[in-house]
Amino acid sequence: MKTAIRGALLTFKDDPFVRDMQDCMVYEDDAVVVMEDGKIAAVGPAATILPTLPQDLEVTRYTDSVILPGFIDSHVHYPQTEMIAAYGEQLIDWLNNYTFITEQGFADKDHAAEVASVFLKEQHKNGVTSACVFGTVFPQSVDALFEEAANYDMRIMAGKVCMDRNAPEALLDTPQRAYDESKVLIERWHGKGRAEYVITPRFAPTSSPEQLEMLGALAREFPNTLIQSHLSENRGEVEWVKSLFPACRDYTDVYQRFGLLRERAIYGHGIHLSEAELEVLSATGTAIAHCPTSNFFLGSGCFNVKQARDARRPVKVGLATDLGAGTSFSMLQTMNEAYKAAQLSGYALSAGHAFYLASRGSAEALGLADKIGSIEVGKEADLAVLNLKSTPIIEYRMKYARDIHEALFVQMTLGDDRAIAATYIAGRRVWG
Ligand SMILES: [Zn+2]
């Protein structure tokens, strides 16, 4: 199965937070991407690639568009699809009054499957080709998502939420059940097709020390799995963690003590971290998922990407929607809010940096940069095609865009799902 598409192309070959943008960003005016058996078989200027293709191979052409690596949402809760836009609360009340009620419905696998289907279709409409996803405490909710993603051969990372305290009885497991059920899911799904398992304590306040201990042991037993949770999102939460774990130096130290910081571990938010905590995250290779729409929606604060990515002790950062506290499936809208978070932190986030975070940056944060996040020969063929003229006002504004940097900035500020002309997963068009 060989297919090819043609259009302008943008990708990143290195990290613009550490090196000059011009050494990282690759832009081609007129490129061709050839996809075969789910991988990128060839990529380069149309003038070079076209003569090498078989006469009968149809090349789909996208004009007024840019071919991008598919977006990677590095932190998202699929069960919260049905409660996006829930009014009036900050983190802890929002969890108690909305989330913990909604998630109880996922004991029913048919319901989980229905939501998983809506969730993945919405991601594809938004050019999201890969994601690191929270399930619920019920293992069948994770099965439902993996099964649905397998229909698209989508690179999906997901895990069963573990919590054994400070949540409604119906959503609690125990340390042993968390370990056993996670292990069964690892054996069933990790490395099956493009699925990968993520060990998923919800966050420190909902896990006892015994549960975190057992999940740390599981992480050592399966060092290639991912780990995901939440860290330092809200000031009240940070104080609560201090009182629950009085022996720990700070919030980050809780996860450190239980062996939950390492390569392929990613924590949502990280807004209120100290310099000492950032140093620990950097030294252990642990990543932060930057979730700006969620942080603004819940009034949690502004994550400072520039500070986190400081080249002297860089912490890996991925971009994420954190739906349903996040308010959009669109990674363009997420970049838009990331720009505002940066402004409120005293600097400007360039379009190049934002598009990097949504693709290669997220792949680096998840330990997947050898497979996805950029358009290179041998990488998996996950692509999004961005229509540069998706609405009348964007089309009008684009007349005044002087270069690709400005054009991309207009897209991330004004664009949304309408700007995604097509989405390809493993070389197959799933949207557009
Ligand atoms: Zn989250």
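Residues numbered from 1 in each chain as written. Predicted model: local features only at pLDDT ≥ 70, side-chain atom pairs only at ≥ 80, totals over all residues. Heavy atoms only, no water.

## Re the packing of helix α12 (residues 331-344) against helix α13 (residues 351-365)
Here is step 1: Where α12 meets α13, the closest approach of the two axes is 10 Å, and the angle between their N-to-C directions is 130°. If you check the angle between α12 and α13, you find them oblique. Crossing hand, α12 versus α13: right-handed. Seen from α12, the contacting residues are Met331, Leu332 and Met335; seen from α13, they are Ala354, Phe355 and Ala358.
Here is step 2: Of the residues in the contact of α12 with α13, the class split is six nonpolar, no polar and no charged. (Axes fitted to C-alpha atoms, helices over the stretch in contact; angles between N-to-C directions. Helix = DSSP H or I, 4+ residues; strand = E, 2+ residues; numbered from the N terminus. Parallel < 35°, antiparallel > 145°, perpendicular 65-115°, else oblique. Left-handed = near helix turned anticlockwise from the far one by under 90°. Contact = heavy atoms within 4.5 Å. Nonpolar A, V, L, I, M, F, W, Y, C, P; charged D, E, K, R; others polar.)

## Things to note about empty space enclosed by the protein
Here is step 1: Scanning all chains against the criterion turns up two cavities of 30 Å³ or more.
Here is step 2: In this structure, the largest cavity spans a volume of roughly 100 Å³.
Here is step 3: Per element, the largest residue contribution to the lining of the largest cavity is three residues, and it comes from helix α2 (residues 91-102).
Here is step 4: Of the residues in the lining of the largest cavity, the class split is six nonpolar, four polar and three charged. (1 Å grid on protein atoms, 1.4 Å probe; cavity = no way out; pocket = protein on both sides within 12 Å on 5 of 7 lines; lining within 4 Å. Points joined across faces, edges and corners; volume = space filled by probe spheres on them.)

## As for the sheet that holds strand β14 (residues 383-387)
Working definition: the strands of a sheet are paired by backbone hydrogen bonds and lie parallel or antiparallel to each other.
Here is step 1: Pairing is mixed in the open sheet, where seven strands are placed in the order β3-β2-β1-β4-β14-β15-β16. Each having just a single partner strand, β3 (39-45) and β16 (428-431) make up the two edges of the open sheet. Each neighbouring strand pair of the sheet contributes to a mean axis angle of 40°, computed without reference to strand direction.
Here is step 2: Sheet strands touched by helix α3 (residues 109-125): β15 (420-425) and β16. Its angle to β15, the strand with the most contacts, is close to 120°. (Pairing = 2+ DSSP bridges.)

## With respect to the side chain of Gln123
Here is step 1: Inspection of the secondary structure assignment puts Gln123 in helix α3.
Here is step 2: Gln123 gets classed as buried once you look at its relative accessible area, which sits at 1%.
Here is step 3: Contact partners of Gln123, with chain neighbours within four places excluded, come to Asp73, Val76, Val128, Ala131, Met154 and Phe329. (Buried < 20%, exposed > 50% of the residue type's maximum accessible area, 1.4 Å probe, protein only.)

## Some thoughts on the nonpolar core
Here is step 1: Ranked by internal contacts, the top residues of the largest apolar core, which has 115 residues, are Phe71, Tyr78, Ile156 and Phe355.
Here is step 2: Look past the residues within four positions of Phe355 in its chain and what remains in contact with it is Leu10, Phe12, Leu68, Phe71, Leu332, Met335, Leu386, Leu408 and Met412.
Here is step 3: Among the nonpolar cores identified, the runner-up in size contains 16 residues, and Ile72, Leu226, Ala365 and Ile372 belong to it. (Core = buried A, V, L, I, M, F, W, Y, C linked by side-chain atoms within 4.5 Å.)

## What about the coordination of the zinc ion?
Here is step 1: Around the zinc ion, the donor atoms from the protein are His75 (NE2), His77 (NE2), His230 (NE2) and Asp322 (OD), and they sit 2.1 to 2.3 Å away.
Here is step 2: One can describe the donor arrangement at the zinc ion as irregular, given that its four donor atoms subtend angles of 91 to 169° at the metal.
Here is step 3: Along the chain, the residues donating to the zinc ion fall in the pattern H-x1-H-x152-H-x91-D.
Here is step 4: We classify His75 as buried; its relative accessible area is 1%.
Here is step 5: Residue His77 is classed as buried on the basis of its relative accessible area of 3%. (Donors = N, O, S within 2.8 Å, 3.2 Å for Na, K, Ca; no water. Tetrahedral: all angles 85-135°; square planar, octahedral: opposite > 155°, others 65-115°.)

## Side note on α12
Here is step 1: Its 14 residues give α12 an end-to-end C-alpha distance of 20 Å, which sits within 8% of 20 Å, the value for a rise of 1.5 Å per residue.
Here is step 2: All buried positions along α12 are accounted for by Met331, Leu332, Thr334, Met335, Asn336, Glu337, Ala338, Ala341 and Ala342.
Here is step 3: Gly346 sits one or two positions beyond α12 and adopts a positive phi of about 95°. (Expected span 1.5 Å × (residues − 1).)

## Quick look at the pairing of strand β10 (residues 226-231)
Here is step 1: The buried count for β10 comes to six of six residues, which makes it a mostly enclosed element.
Here is step 2: Side chains Leu226, Gln228 and His230 of β10 all project onto a buried face; the interleaved residues Ile227, Ser229 and Leu231 project onto the opposite face, where all are buried too.
Here is step 3: Relative to β10, strand β9 (residues 196-201) runs parallel, the two sharing two bridges. By the bridge assignment, Val198 is partnered in β10 with Leu226.
Here is step 4: Handedness of the crossover is the feature at issue here: the chain leaves β9, passes through helix α6 (residues 209-221), returns alongside β10, and the resulting connection is right-handed.
Here is step 5: As paired strands, β10 and strand β11 (residues 265-269) are joined by five bridges and run parallel to one another. Directly across from Leu231, in β11, lies its bridge partner His269. (Right-handed = clockwise from strand over helix to strand, strands pointing away.)

## With respect to the packing of aromatic side chains
The way to describe two aromatic rings as a pair is by their centre distance and the angle between their planes.
Here is step 1: Applying the stated rule across the entire model yields 12 aromatic pairs.
Here is step 2: Consider the rings of Tyr78 and Phe119, whose centres lie 5.9 Å apart with planes at 55°: the pair is tilted. One end of the pair, Tyr78, is in the loop between β5 (71-77) and α2; the other, Phe119, is in helix α3, with 41 residues separating them in the sequence. The pair formed by Tyr78 and Phe119 is uniform in burial state, with each residue classed as buried.
Here is step 3: Centre to centre, the rings of Tyr396 and Tyr400 are 5.7 Å apart; their planes meet at 65°, and the pair counts as edge-to-face.
Here is step 4: Overall, Tyr396 belongs to the partly exposed group, its relative accessible area being 46%.
Here is step 5: An aromatic cluster of at least three residues, connected via ring pairs, comprises Tyr78, Phe106, Phe119 and Phe329.
Here is step 6: A cation over a ring is seen here: Lys192 above Trp189, with NZ or CZ 4.9 Å from the ring centre. (Phe/Tyr/Trp six-rings, centres within 6.5 Å; stacked < 30°, edge-to-face > 60°. Lys NZ or Arg CZ within 6 Å of the ring centre and 35° of its normal.)

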